[in-house]
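Breakdown of the fold
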Amino acid sequence: MEQWEAAGPRFVVGAGYALYRGPLADSVPHRHAAFQVAVAVAGGEVTVADGAGARHRGPAVVVPPMVWHRMAPTRRVLAFFVDPHCAFADRLRADSGDGVTVAPQWRDLTEEALRPAGMLPSAEVDARLWAALEALTDHPVAPTDHPVALPALAARVGLSPQRLRALAQRQLGVPLARWRIWRRLARAAEALGEGCTLAEAALAGGFADQAHFSRQMREMTGLTPSEVLPALRAPARVDHRPHPVPSHPVYSRRAT
């Protein structure tokens, strides 16, 4: 048995990415606001079914943001979830298409290789969209708060609501509302890893209650908080906080 198998499943939330390592039961169809790179272990293969039911099988498979898919059960998998606003996502955008893609070039991807680019901002994101992402990140996440209204957010960064929506969809591949939920899930997962109860983690992520947290996580990852809790509590978990949206205008370019 390999060393990491003996240590049990592991779930890490890092700057610009999350990582699950371990077995995977049959998941439900889902889509998330991040790229997923599913990597087989020890020379094996992973299988991902797309929304039409076509099966994509290889040593590594890439799923772009907001693409419906379902992971086949496997005894060992490395599943990387890469935020669309980080620099590593630029590499995935260049290498993959609009749908599920078999990508053997990523078969040797490791957390150590991903981490530096995960901490850098994407070169593909307009500076005004960056400002909107920062505003959404900085907004308090208590469930009693009202979400930032899109017209006010757009006016704050000098865009119309329609233009802001279009920028997010084209440059991130994710609607802003879904991107915000993904960020809240990351906060809630961190809280679970730090020892919070499911109810406490739901509040930390800005969800109305534990049921709301569970529904959103299942819809975005195919898994429930209870299913990933053992991996989040694993001793090997590493915390790379803080995780703000990186704001480096020198990396940004304005859309025309």
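Presented here is an overview of the structure given in this document.

What counts and what doesn't
- Residues numbered from 1 in each chain as written.
- Predicted model: local features only at pLDDT ≥ 70, side-chain atom pairs only at ≥ 80, totals over all residues.
- Heavy atoms only, no water.
- Axes fitted to C-alpha atoms, helices over the stretch in contact; angles between N-to-C directions.
- Helix = DSSP H or I, 4+ residues; strand = E, 2+ residues; numbered from the N terminus.
- Parallel < 35°, antiparallel > 145°, perpendicular 65-115°, else oblique.
- Contact = heavy atoms within 4.5 Å.
- Nonpolar A, V, L, I, M, F, W, Y, C, P; charged D, E, K, R; others polar.
- Pairing = 2+ DSSP bridges.
- Expected span 1.5 Å × (residues − 1).
- Phe/Tyr/Trp six-rings, centres within 6.5 Å; stacked < 30°, edge-to-face > 60°.
- Buried < 20%, exposed > 50% of the residue type's maximum accessible area, 1.4 Å probe, protein only.
- Core = buried A, V, L, I, M, F, W, Y, C linked by side-chain atoms within 4.5 Å.
- Salt bridge = Lys/Arg side-chain N within 4 Å of Asp/Glu carboxyl O.

The next thing to look at is the packing of helix 2 (residues 87-95) against helix 3 (residues 111-118). At a closest axis distance of 6 Å, the pairing of helix 2 and helix 3 adopts a crossing angle of 110°. The orientation of helix 2 relative to helix 3 falls into the category roughly perpendicular. Residue-level inspection shows Ala87, Phe88 and Arg91 of helix 2 in contact with helix 3, the latter providing Leu114, Ala117 and Gly118. Classifying every residue of the contact of helix 2 with helix 3 gives four nonpolar, one polar and one charged.

Moving on to the sheet that holds strand 2 (residues 17-24). Sheet strands associate in pairs through backbone hydrogen bonding, adopting either a parallel or an antiparallel arrangement. Judged by pairing direction, the sheet is antiparallel, and its six strands sit side by side in the order 1-2-8-3-6-9 without closing on themselves. Because the sheet does not close on itself, it has two edges, and the strands there are strand 1 (10-14) and strand 9 (101-102). Relative to the sheet, helix 3 contacts strand 1, strand 2 and strand 8 (74-82), its axis offset from that of strand 2 by approximately 155°.

Another point: helix 7 (residues 176-193). Spanning 18 residues, helix 7 covers 26 Å between terminal C-alpha atoms, matching the ideal 26 Å at 1.5 Å per step. Looking one or two places after helix 7, you find Gly195, whose phi comes out positive at around 105°.

Reading across the sheet, the three strands line up as 5-4-7 and stay open at both edges, with antiparallel pairing between neighbours. Of all strands in the sheet, those bounded by a partner on one side alone are strand 5 (55-58) and strand 7 (69-71). Along the sheet, successive strands turn relative to each other by an average axial angle of 25°, direction set aside. Pairing analysis gives three bridges linking strand 4 (residues 46-50) to strand 7, with the strands arranged antiparallel. When the sheet's bridge partners are listed, Val48 is paired in strand 7 with Met71.

Per the counting criterion, the structure on display carries three aromatic pairs. Judged by centre distance (5.4 Å) and plane angle (20°), the ring pair of Phe207 and Phe213 falls under stacked. Accessibility assignment for this pair places Phe207 and Phe213 in one class, buried.

In this section: the nonpolar core. Generally speaking, a soluble globular protein has its nonpolar side chains buried in company with each other. Among the nonpolar cores identified, the biggest contains 57 residues, and Phe11, Leu129, Leu164, Leu176, Leu185 and Phe213 are the most heavily contacted of them. Element by element, the count of residues in this core is highest for helix 7, at nine residues. Setting aside residues no more than four positions away along its own chain, Leu129 makes contact with Leu164, Leu167, Ala168, Gln171, Leu172 and Leu176. Counting 22 residues, the second largest nonpolar core, distinct from the first, contains Tyr17, Leu92, Ala103 and Trp106.

Any two side chains of opposite charge can pair if their charged atoms end up close together. A full pass over the atoms with the stated rule returns seven salt bridges. The partner of Asp90 in a salt bridge is Arg93, with the nearest N and O atoms 2.8 Å apart. With Asp90 and Arg93 both in helix 2 and three residues apart, this pair spans about one turn of that helix. Here Glu111 makes a salt bridge to Arg115, at a shortest N to O gap of 3.3 Å. Linking Glu111 with Arg115, this pair stays in helix 3, spanning four residues, or about one helical turn. Glu111 gets classed as buried once you look at its relative accessible area, which sits at 6%. Through salt bridges with shared partners, one network takes in Arg10, Glu111 and Arg115.

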